[in-house]
Amino acid sequence: MKRILQYTITSKEAGITIRDFLKLQGYSAQCLIALKKIRNGILLNGKWEYVNTCLCEEDRLVIRIEEETQESPAITPVCLPFPVVYEDEDMIIVNKPAGMAVHPSMNHYEDTLANAAAYYFGEKGESFTYRCINRLDRDTSGLVILAKHIVSSSILYKQMTERSICREYLAIVQGDDISGEGTVDLPIGRKEGSVIERRIDRVHGECAVTHYKVLEKKEGMSLLALHLDTGRTHQIRVHMKEIGHPLIGDFLYNSEDNRMSRQALHSYRLSFRHPITGDKMEFTAPLPEDMRMFFDGNYE
């Protein structure tokens, strides 16, 4: 991966150091360290410069990114579904299938989105470092952002931390007596004795806020649109269970309902600022066939 980024310094930015300017753009400390190791990685008016150099109005700052080798050698390339929704020099948006873990783990070394990404970039002859920005549970389908290099990764992670990446989900829940819209503001923590399961924990839990809106009701179930202010593990699943409307097919939080083979949850929409251009970006992925057919009543 080779990428050149260019900035022209304005009067507002004059007088600050290169380090401070890049931090304002969203570059992390780790990112700056990596750039300093690249020959001519930081050029000011054509000259290789230190990050503590002060900037002047109309200075031309050039960032050279070079990532020739794979930083994730343990990820085996495997030909798996990898539905690309959007791709440019800085990021790629993928509509992850249900049943596919995002990261390799015990018992899932060669069937993950990371394996699919390694194969995809390998076939294109491009260097590959796996950087997943927004994580989804294995059985949750939908949109995932992958950063292509260390700078876009740094900026996108900052957006996630600042909660400026808007994430909207679609879910099918039990019950058609849910109010038209609402907010669940309840802290979430680990369930004692489990490394996976979460629960509402009003004493030690972390803040978690989920907003929902009913899109349609049918035969004892409801189709919801949800967006999150926070990103806790299993947040939607735990919150919906707590208000009495667990997700259809959720083996962990609704084990008695096995009408679907996975929880009926889909990452439908992502909107955020492009990590390099700053342009407003928005992507959607339609309701997957298994959820659509279930809600329409086409299931056994």
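Preceding this paragraph is the structure being described.
Note that the structure is predicted; figures quoted are calculated from it, not measured.

Basis of the calculations
- Residues numbered from 1 in each chain as written.
- Predicted model: local features only at pLDDT ≥ 70, side-chain atom pairs only at ≥ 80, totals over all residues.
- Heavy atoms only, no water.
- Pairing = 2+ DSSP bridges.
- Helix = DSSP H or I, 4+ residues; strand = E, 2+ residues; numbered from the N terminus.
- Contact = heavy atoms within 4.5 Å.
- Axes fitted to C-alpha atoms, helices over the stretch in contact; angles between N-to-C directions.
- Core = buried A, V, L, I, M, F, W, Y, C linked by side-chain atoms within 4.5 Å.
- Buried < 20%, exposed > 50% of the residue type's maximum accessible area, 1.4 Å probe, protein only.
- Phe/Tyr/Trp six-rings, centres within 6.5 Å; stacked < 30°, edge-to-face > 60°.
- Salt bridge = Lys/Arg side-chain N within 4 Å of Asp/Glu carboxyl O.

Participant: Can you help me understand the sheet that holds strand β1 (residues 2-8) in this one?
Facilitator: As a general point, the strands of a sheet are linked pairwise by backbone hydrogen bonds and lie either parallel or antiparallel. The four strands are arranged β1-β4-β2-β3 in an open sheet whose pairing can be described as antiparallel. In the strand order of this sheet, the two ends are held by β1 and β3 (47-48), each with one partner. Relative to strand β4 (residues 60-66), helix α2 (residues 29-36) is tilted by about 85 degrees, and along the sheet it contacts β2 (42-44), β3 and β4.

Participant: What is the right way to look at the nonpolar core in this model?
Facilitator: The nonpolar side chains of soluble globular proteins are, as a tendency, buried together. Membership of the largest hydrophobic core comes to 38 residues, with the highest contact counts inside it found for Tyr130, Leu146 and Met240. Listing elements by their share of this core, those giving two or more residues are β6 (91-96), α3 (113-123), β7 (141-147), β8 (166-174), β12 (209-218), β13 (221-228) and α5 (235-242). Sort the elements by how many residues they give to this core and α3 lands first, with six residues. Those residues in contact with Leu146 that lie beyond four places of it in its chain are Phe82, Met91, Ile92, Val94, Leu113, Ala117, Tyr130, Arg131 and Cys132. Residues Val51, Leu55, Ile150 and Ile155 belong to the second largest nonpolar core, which totals 21 residues.

Participant: Any chance you could explain the environment of Ser261 here in plain terms?
Facilitator: In this structure, Ser261 sits in the loop between α5 and β14 (265-273). Separated by eleven residues in sequence, Ser261 and Asp250 place their C-alpha atoms 8.3 Å apart.

Participant: Would you mind going over the packing of aromatic side chains with me for this structure?
Facilitator: What characterises a pair of aromatic rings is the spacing of the ring centres plus the angle enclosed by the ring planes. Taken as a whole and assessed by the stated rule, the structure comprises seven aromatic pairs. Ring centres of Tyr7 and Phe21 lie 5.4 Å apart, and the angle between their planes is 80 degrees; this geometry places the pair in the edge-to-face category. Linking Tyr7 in strand β1 with Phe21 in helix α1 (residues 18-25), this pair joins segments that are 14 residues apart in sequence. Phe21 gets classed as buried once you look at its relative accessible area, which sits at 2%. Between the aromatic rings of Tyr120 and Phe121, the centroid separation amounts to 5.3 Å while the plane-to-plane angle is 85 degrees, which identifies the pairing as edge-to-face. Judged by its relative accessible area of 21%, Tyr120 is partly exposed. Taking the relative accessible area as the measure of exposure, Phe121 reaches 7% and is therefore buried.

Participant: Mind showing me how you'd approach the pattern of salt bridges here?
Facilitator: Between side chains of opposite charge, a pair can form when the charged atoms approach closely. Applying the stated criterion to the full structure yields 22 salt bridges. Linking Lys124 and Glu87 is a salt bridge whose minimum nitrogen-to-oxygen distance equals 2.8 Å. Here Glu87 lies in strand β5 (residues 84-87) and Lys124 lies in the loop between α3 and β7, a separation of 37 residues in the sequence. You can call Lys124 partly exposed: its relative accessible area is 37%. With a shortest N-O distance of 2.7 Å, Asp257 and Arg259 are connected by a salt bridge. The class of Asp257 is buried, set by a relative accessible area of 5%. One continuous salt-bridge network, built from bridges that share partners, spans Glu87, Lys124, Glu126 and Lys148.

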